[in-house]
Amino acid sequence: MTHALQLKNLRKSFGKTEIIRGVDLAVQPGERVAVIGPNGAGKSTLFNLISGRFAPSSGEIWLGQHRIDGKKPYEINRMGLSRSFQITNIFPKLSVFENLRCGVLWSLGYRYTFLKFLANLTDANARAEELMRMIHLEHKHDVLAVNLTYAEQRALEIGVTIAGGAGVVLLDEPTAGMSRSETAHFIDLIREVTVGKTLLTVEHDMGVVFGLADKIAVVVYGEVLAFDTPEAVRANPRVQEAYLGSHVAESQAAGH
Amino acid sequence: MTNFRASTLQRARWIIWSVFALTLLLAPLVFSGNLGITILCQIGIAIIACLSYNILLGQGGMLSFGHAVYSGLGAFVAMHALNAFTGGKPSALLVMLLPLVGGLAGLFFAVLLGYVTTKKSGTTFAMITLGIGELVFAMSLMVPEFFGGEGGISGNRMTEPLLGITFGPQRQVYYLIAVYTFLSVVTMYAFTRTPLGRMLNAVRDNPERVEFVGYNAQRIRYMAFIVAGFFAGISGGLAALNFEIVTAEVVGAARSGSYLLFTFLGGATFFFGPIIGAVLMVLAFVLFSELTKAWLLYLGLIFMFMVMYAPGGIASLIMMNVRVAAYGRLRGLLPQYLLLAVTALIALLGLSALTEMVYHRQLDGATGATLNFLGMALDDGNATHWLSALAVAVLGVGLFEWVRRGFAQRWHVVQEYVEQQELKKREHAV
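Residues numbered from 1 in each chain as written. Chains lettered and ligands numbered in written order. Predicted model: local features only at pLDDT ≥ 70, side-chain atom pairs only at ≥ 80, totals over all residues.

## Observations concerning the overall build of chain B
Per the secondary structure count, chain B includes 16 helices and 4 strands. Across its three principal axes, chain B shows a C-alpha extent of roughly 75 × 65 × 45 Å. For chain B, the proportion of its 430 residues judged to be buried stands at 40%. Within chain B, residue pairs in contact and separated by at least 24 positions form 78% of the contacts whose partners lie at least 6 positions apart. (Helix = DSSP H or I, 4+ residues; strand = E, 2+ residues; numbered from the N terminus. Buried ≥ 20, exposed ≤ 12 C-beta atoms within 10 Å, placed from the backbone. Contact = placed C-beta atoms within 7 Å.)

## Describing the overall build of chain A
Along its length, chain A carries 9 helices and 10 strands. A globule of 256 residues ought to have a C-alpha radius of gyration of about 18 Å, and chain A, at 19 Å, matches this closely. Principal-axis analysis of the C-alpha atoms gives chain A an extent of 60 × 40 × 35 Å. Out of the 256 residues in chain A, the part that is buried amounts to 41%. Intrachain contacts of chain A at a sequence separation of at least 6 include 66% that bridge at least 24 residues. (Rg over C-alpha atoms; globule rule 2.2 N^0.38 Å.)

## Describing the sheet that holds strand β5 (residues 66–67) of chain A
Paired through their backbone hydrogen bonds, the strands of a sheet run either parallel or antiparallel. Residues and elements named next belong to chain A. Strand order in the open sheet made by the 4 strands is β2-β1-β4-β5, with antiparallel pairing throughout. The sheet is open, and its two borders are formed by β2 (17–27) and β5, each paired with just one other strand. In this structure, strand β1 (residues 5–14) lies alongside β2, joined through 8 bridges in antiparallel fashion. Of the residues in β2, the one forming a bridge with K12 is I20. (Pairing = 2+ DSSP bridges.)

## Things to note about the pairing of strand β7 (residues 168–172) of chain A
Residues and elements named next belong to chain A. Within β7, 5 of the 5 residues are buried, which leaves it mostly tucked inside the rest of the structure. Neither face of β7 is exposed, since V168, L170 and D172 on one face and V169 and L171 on the opposite face are all buried. Handedness of the crossover joining β7 and strand β8 (residues 198–202) through helix α6 (residues 180–193) is recorded here as right-handed. (Right-handed = clockwise from strand over helix to strand, strands pointing away.)

## Some thoughts on the confidence of the model for chain A
Across chain A, pLDDT averages 91, with 94% of residues at or above 70. Confidence drops under a pLDDT of 50 for residues 249–256 of chain A, and excluding neighbours within four residues, the segment shows 1 contact in the predicted structure. (pLDDT = per-residue confidence, 0-100.)

## Examining the nonpolar core
Generally speaking, a soluble globular protein has its nonpolar side chains buried in company with each other. All names here are of chain B. If you look at the biggest cluster of nonpolar residues, it comprises 169 residues, and the most contacted ones within it are A78, M199 and A228. For this core, the leading source of residues is helix α10 (residues 217–243), giving 18 residues. Leave out the neighbours within four places in its chain, and A78 touches L98, P99, V101, G102, A105, G236, G237 and A240. Ranked by size, the runner-up nonpolar core spans 7 residues in total, among them A347, M357, L378 and A389. (Core = buried A, V, L, I, M, F, W, Y, C linked by C-beta atoms within 7 Å.)

## What about the pairing of strand β9 (residues 215–220) of chain A?
For a regular strand, the rule is simple: side chains alternate between the two faces of the sheet. Residue and element names in this part refer to chain A. Counting buried residues along β9, 5 of its 6 residues qualify, which places the element largely inside the surrounding structure. With 4 bridges joining them, strand β3 (residues 32–36) and β9 adopt parallel strand pairing. Opposite V33, over in β9, you have K215 as the bridge partner. As judged from the 5 bridges shared by β9 and strand β10 (residues 223–228), these two strands associate in the antiparallel manner. Each residue of the ladder has a partner; that of A217, found in β10, is F227. Counted between consecutive antiparallel strands, the loop separating β9 from β10 contains 2 residues, among which Y221 sits at a positive phi close to 55°.

## Some remarks on the interface of chain B and chain A
Across the boundary between the two partners, chain B contributes 24 residues, which contact 32 residues of chain A. Secondary structure elements with two or more residues in the side of chain B that touches chain A: α8 (195–205), α9 (207–211) and α10 of chain B. Grouping the constituent residues of the side of chain B that touches chain A by class yields 11 nonpolar, 6 polar and 7 charged. (Nonpolar A, V, L, I, M, F, W, Y, C, P; charged D, E, K, R; others polar.)

Listed below in structure tokens is the structure:
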């Protein structure tokens, strides 16, 4: 059976420091995987390797039948993997609608054409409108992305990420910097817009993680400590020792 | 409702394009003197050049210091093409197509040199364009066969008559330029509304994210660079026909610099900004330079002030006021504008009198101590004249600053009002 995404003995060093130290991971189609782990464990680096931002030092990455390690981000995106960013990464001086349309164009085959008018691309425009409704920004059609509130920008970030219809979606801390109530709404949104997709997400909020994910990958110090269902991960003594216990303690100390 | 909005927009677009075409058509009837036609010809050429430059600067965020390479090489190739066919007299049809030859040459060199140039963005891109600009200018001295050395190369645009057209009279050349200007402006505007044109904006805003929605940012920059090179080449081809001589300056850094300067001055953030810039460029070079020897100094100062106080250029100033007018608040600002203008004029009078006296003393000492300044005889040996000029300058600057502060407050209030109204409007729309 083909995995949606598979990492084989993946390693990445920056200089002499090895950040990712032999990661193996196989994600089934349609699975929702939460990647958790302490700060600096290598979660974001892992996403950067998968999405082509960095090339791995060794190991393999497979997207379905295609081997994608070392490929350019746009090549990987065209094969059906898309990602969002921890720090909002949209097109600030374009409107909400234009942002989404930019995310749509390639997937509908418009490529680099300059012989067609955007206004006449009915399918791209309809898709952008639909996305705008999905992320609840239809009333901000012509507002420049830079003028949106933070939560709206985060929603647009997700919108641009899913715009091209990629089957595998990586969300890097989608709820970073949001309040509790915003986070709850936002998780509903993520669940809605990623129906039927394979989802990997880095997330710090444990409530969110256990509510959203089918499986949890615990990354500690560049290695996958555990990869299992939420219940199994919660019961795993090694995880408790290495991460969850200390995290719970931290949360309690912080007054949650 | 959307349909209604779309149709009014459509109508507005037709009106704007018709007005533009009519302006091009009728301008030589209004400015019918020799000087008028000369200036109009150069304005048409400059419009194409500045708009093509803005594909890089405004639409793609590419700060090029070497755009004259493409307009200039286009001019040289067009001139060689003209001469190659001037065994007898060229046919009028050939002359009509010559700007396209220039365009194809610009395109060719953009394909060739742009590949290296657009590999990088930002500062590196700017440095490479500077380097290539210098390189091509140096080539102009090394390869006199192509560039014609010091004297450049010249040609004759006069053709066998075709329906009375010989391209001898400047007016006929003007209409050729006008047709190319109109078509180029329409095409370049259309380009901004295509997938490639929009993705170019996306690359300007955030080249990294572009790569995560399936696009190769470098490829987009390269293709835009080629489009810009093509239109630059067209302007070069027209310039070759217009002047009937092409010298090495046309590929030089000064020319590239003035494209940048005036595109910026006109306004790089709006499509029509560079058109304003182009008009100003020609007026500055042809008229202003006749008026005073210190014209480059004034130009530098204007540029500096614009960068500091109105980085969006004249176009953005216009659009800001159009927005205020749309909410009915412009009328209230008019007295303030009048005061600003009057005080600015006083300041300018004093400052320019001082400048002119310094220039006169340093450069024209041989012609005597007096100079003619707006009909007044100023004597650069007379202390009273210096002091009165200084007094006017200080008074003008002081008054201007005083009025400006009041205006800034008023402007702020108006902006807040406008933003509030816009917010209300948007909420109504939901």
